[in-house]
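Fold and contact review
The primary structure of each chain is shown beneath.
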Amino acid sequence: MTERSQAGEVSGTTDQPLIRLDGVNKWFGPLHVLQDVNLSVSRGEVVVVIGPSGSGKSTLCRAINRLESINSGTIVFDGQPLPAEGRPLARLRSDVGMVFQSFNLFAHKTILENVTLGPIKVRKEKPESAKKRALELLDRVGIASQADKFPAQLSGGQQQRAAIARALAMQPKAMLFDEPTSALDPEMVGEVLEVMTSLAKDGMTMVVVTHEMGFARHAANRVIFMADGQLVEDAPPAEFFANPRSERAKDFLSKIL
Ligand code: ADP
Ligand code: MG
């Protein structure tokens, strides 16, 4: 049987976290960017990661789908240590959808092609069924009418929603968002957050790096505060915002709120 079904059997019989980091360390040369990070994310949980620029938030996300290797510690996804290469790595990347600040769509492909490419090439889906599902997903993110356009013909908010549809087309078990609204004009932030909120309500497991504190308050189960590569606080949003414990979190919140 495939590893996917084995993993599925394991996950079906336990309540282990979907994502688990234990003692994770990462250096870039002399720079210790992840310092002994421990983090568990349960199935269906929405974890918002906040913290100053350079604190390691992107590196944390990138480590979870193995866009970045780690120097020590372990990361387990759905019961399996992260694979380093080959087909298991490709599978991990489709199981863990990632949405970046820069939408990263293929410029020379239509929106529909952007969404069907992964399912057809990686998941070996039939073009017709991939197209049908892609149109459903584009409808879900509110841009079905843009399916035959090219990315440059869409607004930033529409492109980011297309990027979310593209990640969802791989039928991920979790979604990572790295500042998905930071590159958008202010009037487009809401439409992207709305799609993310609806995904959260549908039970998607999500790790979201964002400066949108409204989203953190309303959609997150937990807020993680990072500073200098350390996971400094980990609390439900109401508790974190009402009563941040560390000076660094207080200082950060005073600057952004
Ligand atoms: P954040 O997303 O919180 O702004 P990052 O995870 O991007 O932080 O970066 C953490 C630290 O690691 C920063 O000091 C950054 O400059 C550094 N860094 C990130 N990526 C690299 C890289 N590929 N090579 C060297 N340093 C890096
Ligand atoms: Mg970043």
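Description of the structure in this document. Since we're looking at a predicted model, the values are computed, not measured. (Residues numbered from 1 in each chain as written. Chains lettered and ligands numbered in written order. Predicted model: local features only at pLDDT ≥ 70, side-chain atom pairs only at ≥ 80, totals over all residues. Heavy atoms only, no water.)

**Thoughts on the nonpolar core**
Quick note on the threshold: We define the nonpolar core as a collection of buried residues of types Ala, Val, Leu, Ile, Met, Phe, Trp, Tyr and Cys that are connected through side-chain atoms lying within 4.5 Å of one another. Three labels apply to residues, based on accessible area from a 1.4 Å probe with only protein chains included: buried if under 20% of the type maximum, exposed if over 50%, partly exposed otherwise in between. Secondary structure elements follow DSSP: runs of H or I of four or more residues count as helices, runs of E of two or more count as strands, with numbering from the N terminus.
With 51 residues, the main nonpolar core has Ile50, Ile164, Met175, Phe177, Met196, Met206 and Phe240 as its most contacted residues. No other element matches the eight residues that helix α7 (residues 186–201) contributes to this core. In terms of nonpolar packing, the next biggest core, distinct from the first, is built from 27 residues, Leu18, Val37, Ile75 and Val207 among them.

**A word on α7**
Two residues of an α-helix separated by three or four positions point the same way, owing to the 3.6 residues in each turn. Test applied: Multiply 1.5 Å by the residue count of a helix minus one, and that product is the helix's expected span. It is the directions from the helix axis to the C-beta atoms that the arc portrays. Contact between two residues is taken to exist if any of their heavy atoms lie within 4.5 Å; hydrogens are not considered.
Over its 16 residues, α7 extends 24 Å from the first C-alpha to the last, a length consistent with the 22 Å expected when each residue adds 1.5 Å. Buried within α7 are the following residues: Met188, Val189, Val192, Leu193, Val195, Met196, Leu199 and Ala200. The buried residues of α7 all sit within an arc of 155 degrees when viewed along its axis, so they share a single face. Exposed side chains of α7 directed beyond 90 degrees from the buried face belong to Glu187, Glu194 and Lys201. Those residues of α7 that are buried are in contact with β3 (46–50), α5 (127–140), α6 (156–168), β7 (174–178), β8 (205–209) and α8 (213–219). A positive backbone phi angle near 95 degrees is found at Gly203, which sits one or two residues after α7.

**Details of the packing of aromatic side chains**
Aromatic ring pairs are described here by two measures, namely the spacing of the ring centres and the angle between the planes. Rule in force here: Pairs were defined over the aromatic rings of Phe, Tyr and Trp, the Trp ring being its six-membered one, requiring ring centres within 6.5 Å. Orientation was assigned from the angle between planes: stacked under 30 degrees, edge-to-face over 60, tilted for the rest.
In this structure the tally under the stated criterion is three aromatic pairs. Plain terms: the ring middles of Phe225 and Phe252 are 5.5 Å apart, the flat faces sit at 45 degrees to each other, and that makes the pair tilted. Residue Phe225 is found in strand β9 (residues 222–227), and its partner Phe252 is found in helix α10 (residues 247–256); the two are separated by 27 residues along the sequence. Ring geometry for Phe240 and Phe241: centres 5.3 Å apart, planes at 75 degrees, overall edge-to-face. We classify Phe240 as buried; its relative accessible area is 0%. The exposure class of Phe241 is buried, given its relative accessible area of 10%. What links up through ring pairs into an aromatic cluster is the set Phe225, Phe240, Phe241 and Phe252.

**Points about the sheet that holds strand β1 (residues 19–28)**
We apply this condition: Two strands make a pair as long as DSSP finds a minimum of two bridges between them.
Across the sheet, four strands lie side by side as β2-β1-β4-β5; this open sheet has antiparallel pairing. Each of the sheet's edge strands pairs with one partner strand only, and the pair in question is β2 (31–41) and β5 (80–81).

**Considerations on the site of ligand 1**
Test applied: Residues are counted as near a molecule or strand when any one of their heavy atoms sits within 4 Å of it. We define a polar contact as two N or O atoms separated by no more than 3.5 Å, with the added condition that, inside protein, one atom must be a possible hydrogen donor and the other a possible acceptor, whereas residues neighbouring each other in sequence contribute only through side-chain atom pairs. Only Asp, Glu, Lys and Arg are considered charged, only Ala, Val, Leu, Ile, Met, Phe, Trp, Tyr, Cys and Pro nonpolar, and every remaining residue, Gly among them, polar.
With respect to spatial proximity, the complete set of residues near ligand 1 consists of Phe28, Leu31, Val33, Pro52, Ser53, Gly54, Ser55, Gly56, Lys57, Ser58 and Thr59. One nitrogen or oxygen atom from the main chain of Ser55 is found 3.1 Å from an oxygen atom belonging to ligand 1. Contact distances for ligand 1 include 2.8 Å between an oxygen atom and a side-chain N or O atom of Ser58. For the shell around ligand 1, the secondary-structure elements that each account for two or more residues are β2 and α2 (57–64). Broken down by class, the residue content of the shell around ligand 1 amounts to four nonpolar, six polar and one charged.

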